[in-house]
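Below are the chains, spelled out letter by letter.
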Amino acid sequence: MVFEYDILVIGAGHAGCEAAAAAANMGKRTCLITIDMNKIAQMSCNPAIGGIAKGQIVREIDALGGYTGIITDKASIQFRMLNRSKGPAMWSPRAQCDRMKFSQYWREVLENTENLNMWQDIVTELVVENGKAVAVKTQMNATFKAGCIIVTAGTFLNGLMHIGKVKIEGGRVAEPAAKGLTESITKHGITAGRMKTGTPVRLDKRSINMQLVDIQEGDNDFHRFSYTNTERELRQLPCWGCYTNPDVHEILRNSLDDSPLYNGQIQSIGPRYCPSIETKIVTFAERDRHLLFLEPEGETTQEVYVNGFSSSLPMEAQLTALRKIPALENAAAYRPGYAIEYDYFDPTQLKHTLESKVIENLFFAGQVNGTTGYEEAAGQGIVAGINAALKIDGKESFVLRRDEAYIGVLIDDLVTKGVDEPYRMFTSRAEYRILLRSDNADMRLTEKSHSIGLATEERYKRLCEKREKIEKLTEWINNFSVKADLINKGLEELGTTPLVRGCKLSSIIERPQITIENISKYINALKKELEKLGDDKDEIVEATEIEIKYRGYIQRERELAERMVRLENIRIKGRFDYNNIESLSTEARQKLTAINPESLAQASRIPGVSPSDINVLLVLARK
């Protein structure tokens, strides 16, 4: 049987869900094909969303009109704003979620999205005609034709799980691997490789001695992932902490010969920043303990995720080692941890739109591009969905620059630098992180998304109202004069130096001890201004305060970003035969030929291309 759509999305993980929703909401007839409709947006590993830099990505997805933030808020059982002791560029939201409800809420969204159908099946073949992707074939012998095809297959492409010497084919525990699709793609010249990731044992909370663990409560304030102020519907729960010890490490060390990571069974590279417990005890042999977090998998379930104990050791070794921790002496497991190897495709063969340079109308998003994490996948998914929809309409593509979004940093890193290990986002990867804060993602992106038809009118109106309130409050604070004799007592109580003479209120708010909220107790006029802000007062006040306190840094970073944008505007793709430019280094000629950068700025970010090489290209471009 043959089906026809504008856009096909293969795989209903976090990338696939955002891609399908974006394409459908932009008016394109879309079909999302998945192996199991009961596992949509499954949290295969940690049941949490966000974290350092990852939380900023989720806020950006929300600002663009995606759903990950809304669903996270609904499914949240613990919310925390990480790095609050640092500056706002480092603040990162994170939420522990109810795993089953998260998947349930995503399915409800998708099944009620206009223009979007779903099909349960395994895609086995990509059909390419005249260099263009035109259809896919499935295990059930169905053919799906489409104008654009987005591959978001996660860890399922030739997936192979490892538990000690036991090897099981599958894309996730108890789910089959996807066979044939990789080969049908690579035969057209797209390069594939293998990567590895892993997940820890799951325990029964009833078997844990909760008297011997440290409790970690969440935050309970106005912060959310979604700018729509989605309410948290579920009961908020704590997480718990405990430590490994030398006895645990001894058991693990004695089992390394049976570890697929150390006996040659696994050849592929795993995530550097989420190492297995066996990697930790080898790499950090001098440490006699490692922190583990015990995180609930849901509001009502007894299942507990042991964060920090990812492992592919034999199940006996995993459980025996864990039971040497006093709190886990009687630990009962639901299932052991395991490693999984899977296929990915070289992301340097992609455009910034995430469309393949080799096969037209074929897009890739998520772990198939060599990334790790739900958030990185979802960010790629929404961009791929947007660009597939725009391509169907023959419209200009949607690309986010590095100074506009963490998603822009992520995609530029992938397509420019490639990957030799699973890519994870950090704030340190962004040159302009003061501009890319979690509080201002809507200010950066919602208007852009609204202009291409994704962010709704309601979202855009909300943005405009928020922007107006921030501008009015900022202007009022900048212009309001404070008299020394009326404010000095309050300044002393707040632990800061009294004034010698009057000044503008903004000068006082720039002080680290002062916030708009705490100084308002001593300034009635300010208190009245804050009362006018309504329900979103806290959000408005925080955004205003950040802009005032850090405006010098923000302005300087904007100026640096503007300089780089000038290089972005110097387009060089197709202008040079790099192999014939003798003044370039040999490595630069090879790398520039392989990547074929769009702009001089992208060329400057390619590893192996030196500043002197860029100067050569700049001179040639001017000629």
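Refer to the structure above for everything that follows.
These remarks concern the structure in this document. Being a predicted model, the structure only gives us computed values, none of them experimental.

## Quick word on the overall build of the protein
Helix and strand counts for the protein come out as 21 helices and 21 strands. Considering only C-alpha atoms, the protein reaches an extent of 80 × 70 × 50 Å along its principal axes. In the protein, which comprises 623 residues, the share counted as buried stands at 58%. For the protein, the exposed surface amounts to about 26,100 Å²; the carbon and sulfur share of it is 47%. Treating the 81 positive side-chain charges of the protein as one cloud and the 85 negative ones as another, the clouds have centres 3 Å apart.

## Some thoughts on the packing of aromatic side chains
If you walk through the whole model with that rule in mind, you get 11 aromatic pairs. Between the aromatic rings of phenylalanine 79 and phenylalanine 225, the centroid separation amounts to 5.8 Å while the plane-to-plane angle is 80 degrees, which identifies the pairing as edge-to-face. Pair noted here: phenylalanine 79 is in strand β4 (residues 76-82) and phenylalanine 225 is in the loop between β13 (214-216) and β14 (239-243), with a separation of 146 residues, a long-range link. Among the aromatic side chains, those forming a connected cluster through ring pairs are Phe3, Tyr5, Trp119 and Phe144. Seen from the ring of phenylalanine 284, arginine 287 lies directly overhead, with NZ or CZ sitting 4.7 Å from the centre.

## Observations concerning the packing of helix α3 (residues 68-75) against helix α4 (residues 99-111)
Here α3 crosses α4 at 135 degrees, and the two axes come no closer than 9 Å. When the interaxial angle is binned, α3 and α4 end up oblique. In the crossing of α3 with α4, the sense of the turn from one axis to the other is right-handed. Of α4, the residues touching α3 (which contributes Thr68, Ile71, Thr72, Lys74 and Ala75) are Lys101, Phe102, Tyr105, Trp106 and Val109. When grouped by side-chain class, the residues that make up the contact of α3 with α4 number 6 nonpolar, 2 polar and 2 charged.

## Thoughts on α4
Spanning 13 residues, α4 covers 19 Å between terminal C-alpha atoms, matching the ideal 18 Å at 1.5 Å per step. Those residues of α4 that sit buried are Arg99, Phe102, Ser103, Tyr105, Trp106, Val109 and Leu110. Looking down the long axis of α4, one finds its buried residues gathered within 160 degrees of arc, a one-sided arrangement. The opening residue of α4 is aspartate 98, an N-cap whose side-chain oxygen sits 3.2 Å from the backbone nitrogen of methionine 100.

## Considering the pairing of strand β12 (residues 192-204)
Along β12, 11 of the 13 residues are buried, which leaves the element largely enclosed by surrounding structure. When β12 meets strand β18 (residues 338-345), the two strands line up antiparallel, connected through 8 bridges. Pairing of glycine 198 across the sheet is with alanine 339, part of β18. Inspection of the sheet shows β12 paired to strand β16 (residues 303-310) by 4 bridges, in the antiparallel sense. Across the sheet, leucine 203 pairs through a bridge with valine 304, a residue of β16. Where β12 lies against strand β17 (residues 333-335), 2 bridges are found, and the strand directions are antiparallel. Counterpart to leucine 203 in the pairing with β17 is alanine 333.

## Structural notes on helix α11 (residues 441-451)
Burial in α11 covers these residues: Ala441, Asp442, Arg444, Leu445, Thr446 and Ser449. The buried residues of α11 all sit within an arc of 165 degrees when viewed along its axis, so they share a single face. On its buried side, α11 packs onto α2 (54-64), α12 (457-479) and α17 (537-549). Phi for glycine 453, located one or two positions after α11, is positive at around 95 degrees.

The rules behind the values
Residues numbered from 1 in each chain as written. Predicted model: local features only at pLDDT ≥ 70, side-chain atom pairs only at ≥ 80, totals over all residues. Heavy atoms only, no water. Helix = DSSP H or I, 4+ residues; strand = E, 2+ residues; numbered from the N terminus. Buried < 20%, exposed > 50% of the residue type's maximum accessible area, 1.4 Å probe, protein only. Areas by Shrake-Rupley, 256 points an atom, 1.4 Å probe, with all protein chains shown as cover. Lys, Arg positive; Asp, Glu negative; His and termini not counted. Charge placed at Lys NZ, Arg CZ, Asp CG, Glu CD. Phe/Tyr/Trp six-rings, centres within 6.5 Å; stacked < 30°, edge-to-face > 60°. Lys NZ or Arg CZ within 6 Å of the ring centre and 35° of its normal. Axes fitted to C-alpha atoms, helices over the stretch in contact; angles between N-to-C directions. Parallel < 35°, antiparallel > 145°, perpendicular 65-115°, else oblique. Left-handed = near helix turned anticlockwise from the far one by under 90°. Contact = heavy atoms within 4.5 Å. Nonpolar A, V, L, I, M, F, W, Y, C, P; charged D, E, K, R; others polar. Expected span 1.5 Å × (residues − 1). Arc of directions from axis to C-beta. Polar contact = N/O pair within 3.5 Å; in protein donor to acceptor, adjacent residues only side chain to side chain. Pairing = 2+ DSSP bridges.

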